[in-house]
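Descriptive structure summary
So the chains spell out like this:
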Amino acid sequence: MSFDWRDGYSMSNVDLVVSDTNADGHSVGVRLRTQRFDGTVHNWTWHRNYDGNGTTRGFLSSALDDNGIAKAGVEVGVFEGSDLLASCTTGMSTNPFA
């Protein structure tokens, strides 16, 4: 993931990338996770790579939260259809504007 902090409430150039490295028939996904000023975590929409083993997909987006964005990280998951089978998260980067 890479991104630019805009202010305490928004991010631009949010580039989420996920690779499928297993020939297991499952798809993979990535999503932005942000921590709001009150400490709650906002899990954003999953972006999925359905293209199979050996493929990488990137997703360019932005984020705006009226409740603030104090920190940001990502979650990567493995799916069977719409069911999340397993996931892991990164640590969160602190917003210098927060």
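Here we summarise the structure given alongside this text. Sequence positions are assigned chain by chain, starting from 1 and proceeding in written order. The predicted origin of the model limits local features to residues at a pLDDT of at least 70 and limits the giving and counting of side-chain atom pairs to 80 or more, whereas totals for whole chains, interfaces and linings rest on all residues. Calculated side-chain values reflect all of the structure's heavy atoms, with hydrogen atoms and water omitted.

Points about the overall build of the chain
When helices and strands are tallied, the chain shows zero helices and nine strands. Each helix (α) and strand (β) of the chain, taken in turn from the N terminus, gives the series β-β-β-β-β-β-β-β-β. In this description the radius of gyration comes from C-alpha coordinates, and the expected globular size is given by 2.2 Å times residues to the power 0.38. In summary, the chain has a C-alpha radius of gyration of 14 Å against a globular reference of 13 Å for 98 residues, a match within 12%. Contact between two residues is taken to exist if any of their heavy atoms lie within 4.5 Å; hydrogens are not considered. In the chain, the proportion of contacts linking residues at least 24 apart, taken out of those at least 6 apart, comes to 60%. Looking at the chain as shown, the accessible area adds up to about 5500 Å², and 45% of this sits on carbon and sulfur atoms. Seen as two clouds, the 7 positive and the 12 negative side-chain charges of the chain have centres 4 Å apart. What counts as a helix is a DSSP run of H or I of at least four residues, what counts as a strand is a run of E of at least two, and both are numbered from the N terminus. In short, Shrake-Rupley with a 1.4 Å probe defines the accessible areas, and a residue's cover is counted only from the protein chains shown. The positive count covers Lys and Arg only, the negative count covers Asp and Glu only, and His and the chain ends enter neither. Just so you know, the charge point we use is NZ for Lys, CZ for Arg, CG for Asp and CD for Glu.

Comments concerning the pattern of salt bridges
When a carboxyl oxygen of Asp or Glu lies within 4 Å of a side-chain nitrogen of Lys or Arg, that pair is called a salt bridge. This structure, assessed with the given rule, holds two salt bridges. We note a salt bridge from Glu75 to Arg31, for which the minimum N-O separation is 2.8 Å. With Glu75 in strand β7 (residues 71–80) and Arg31 in strand β3 (residues 27–35), this pair connects stretches of sequence that are 44 residues apart. Pair check on accessibility: Glu75 and Arg31 agree, each one buried. Close ionic contact of Arg36 with Asp65 constitutes a salt bridge, the shortest N to O distance being 2.7 Å. With a gap of 29 residues between them, Arg36 in the loop between β3 and β4 (41–43) and Asp65 in the loop between β6 (56–64) and β7 connect regions that are remote in the sequence. There is no split in this pair, since Arg36 and Asp65 are both buried. Relative accessibility under 20% of the residue-type maximum defines a buried residue, over 50% an exposed one, and the middle range a partly exposed one, all with a 1.4 Å probe and only protein chains included.

A look at the nonpolar core
Soluble globular proteins tend to pack their nonpolar side chains together in the buried interior. In this structure, Met11 and Leu32 are the most contacted members of the largest nonpolar core, which totals 15 residues. Elements that contribute at least two residues to this core include exactly β1 (2–5), β2 (10–19), β3, β6 and β7. Element by element, the count of residues in this core is highest for β2, at four residues. Setting aside residues no more than four positions away along its own chain, Leu32 makes contact with Met1, Met11, Leu16, His42, Asn43, Trp44, Ala63, Ala72 and Gly73. The nonpolar core is taken to be a set of buried Ala, Val, Leu, Ile, Met, Phe, Trp, Tyr and Cys residues, with the residues joined through side-chain atoms within 4.5 Å.

Here's the deal with the environment of Leu84
Relative to the elements of secondary structure, Leu84 occurs in strand β8 (residues 83–89). Its relative accessible area of 39% is what places Leu84 among the partly exposed residues. Residues Leu84 and Ser27, 57 residues apart in the sequence, show an inter-C-alpha distance of 9.7 Å. Residues within four places of Leu84 in sequence aside, it is in contact with Trp46, Gly77, Val78 and Phe79.

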